[in-house]
Amino acid sequence: MRMKNVLSHLLLGIIFASVSPLHAEYATRQFLWEQANAQASSASKPEEFGKAALTYERLVAEGVVTAPLLMNLGASYVMAGESSKAMNTFLRAERYVGSTPEIKQGLLAALSKQSGQQRKELPWVRTALFWHYSLPCQVRVWIALVAWTLFWGGLFLRLLMRHHNIHTLASLSETGMFVGGVTTVIFAASVIVTVLQEVL
């Protein structure tokens, strides 16, 4: 009985020991988030926005990478005059949630700061490759997987028709293979580019 009590106390100790650092880590991150937001909202000079950006950067260094954090960091960079960092940060936010009106405005503000002229339009390539910029990376991954499944479904149907000498579903098989294959290539390439941009 005593052994059972010792084991239960030991188990509770291990649980609390593992929970405490997690709680402390969350509390620290929450404090930094609130501090950065307070600094940004009360800032009026570039150097003050720079201090807010440094606090947001601490959160990113801690492994907190969310679109709201990146958008706030990007806005702080813009106001601090760090247009290049702002561009990269807004583009990174876009990779997580896709293009939003807020991200577009942030990118336009950063481009305007860089060029010294008011920019009202983003580069044309963003319209040409709308799926790459508009959709979050996670959605593009799912589309690529569904397209890959469609390609193999069409191929399987084609092999099945040949085996049983059936030709009535030939167009369905070819459509599945073509649409699935092309969509897989487009979206897989888009995902690979995004992953490389995030890693590098």
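Everything here concerns the structure above.
Residues numbered from 1 in each chain as written. Predicted model: local features only at pLDDT ≥ 70, side-chain atom pairs only at ≥ 80, totals over all residues. Heavy atoms only, no water.

(A) Layout of the overall build of the chain. Within the chain, the secondary structure is distributed over nine helices and zero strands. When the helices and strands of the chain are listed from N to C terminus, the series reads α-α-α-α-α-α-α-α-α. Counting contacts in the chain only where the partners sit at least 6 residues apart, residues at least 24 apart contribute 53% of the total. Here the chain has roughly 13,200 Å² of accessible surface; of this, 67% comes from carbon and sulfur atoms. (Helix = DSSP H or I, 4+ residues; strand = E, 2+ residues; numbered from the N terminus. Contact = heavy atoms within 4.5 Å. Areas by Shrake-Rupley, 256 points an atom, 1.4 Å probe, with all protein chains shown as cover.)

(B) Inspection of the nonpolar core at higher detail. In this structure, Tyr56 and Phe90 are the most contacted members of the largest nonpolar core, which totals 26 residues. Contributing elements (two or more residues each) for this core: α1 (2–42), α2 (46–61), α3 (67–80), α4 (83–97) and α5 (101–115). Top contributing element to this core by residue count: α3, with seven residues. Apart from the residues lying within four places of it in its own chain, the contact partners of phenylalanine 90 are Met71, Gly74, Ala75, Val78, Ile103, Gly106 and Leu107. (Core = buried A, V, L, I, M, F, W, Y, C linked by side-chain atoms within 4.5 Å. Buried < 20%, exposed > 50% of the residue type's maximum accessible area, 1.4 Å probe, protein only.)

(C) Looking closely at helix α9 (residues 170–199). End to end, α9 covers 43 Å across 30 residues, agreeing with the expected 44 Å (1.5 Å per residue, within 8%). Buried residues of α9: Ser173, Gly176, Met177, Gly180, Thr184, Phe187, Ser190, Val191 and Thr194, and no others. (Expected span 1.5 Å × (residues − 1).)

(D) Representation of α3 in the model. Between its first and last C-alpha atoms α3 spans 20 Å; for 14 residues at 1.5 Å apiece the expected length is 20 Å, and the two agree. Along α3, the residues that are buried comprise Ala67, Leu69, Leu70, Met71, Leu73, Gly74, Ser76, Tyr77 and Val78. Directly beyond the C-terminal end of α3, a positive phi value near 85° is found at glycine 81.

(E) Structural detail: the layout of surface pockets. Estimates place the volume of the largest pocket at around 260 Å³. Around the largest pocket, the lining comprises 16 residues; the ones closest to its centre are Leu91, Glu94, Arg126, Tyr133 and Gln197. At the level of secondary structure, the elements contributing two or more residues to the lining of the largest pocket comprise α4, α5, α6 (125–128), α7 (130–134) and α9. For the lining of the largest pocket, the leading source of residues is α4, giving five residues. Residue composition of the lining of the largest pocket, by class: eight nonpolar, four polar and four charged. (1 Å grid on protein atoms, 1.4 Å probe; cavity = no way out; pocket = protein on both sides within 12 Å on 5 of 7 lines; lining within 4 Å. Points joined across faces, edges and corners; volume = space filled by probe spheres on them. Nonpolar A, V, L, I, M, F, W, Y, C, P; charged D, E, K, R; others polar.)

(F) A look at the packing of aromatic side chains. One pass over the structure, following the stated rule, counts five aromatic pairs. With 5.7 Å between their ring centres and 80° between their planes, tryptophan 148 and tryptophan 152 make a pair best called edge-to-face. Note that tryptophan 148 and tryptophan 152 are positioned in helix α8 (residues 137–164) at a spacing of four residues, about one turn of the helix. Owing to a relative accessible area of 44%, tryptophan 152 belongs among the partly exposed residues under this scheme. Taking 5.7 Å as the distance between ring centres and 85° as the angle between the ring planes, the aromatic pair formed by phenylalanine 151 and tryptophan 152 counts as edge-to-face. Among the aromatic residues, ring-to-ring pairing joins Trp148, Phe151 and Trp152 into one connected group. (Phe/Tyr/Trp six-rings, centres within 6.5 Å; stacked < 30°, edge-to-face > 60°.)

Read these as layout, nothing more, since geometry by itself doesn't imply function.
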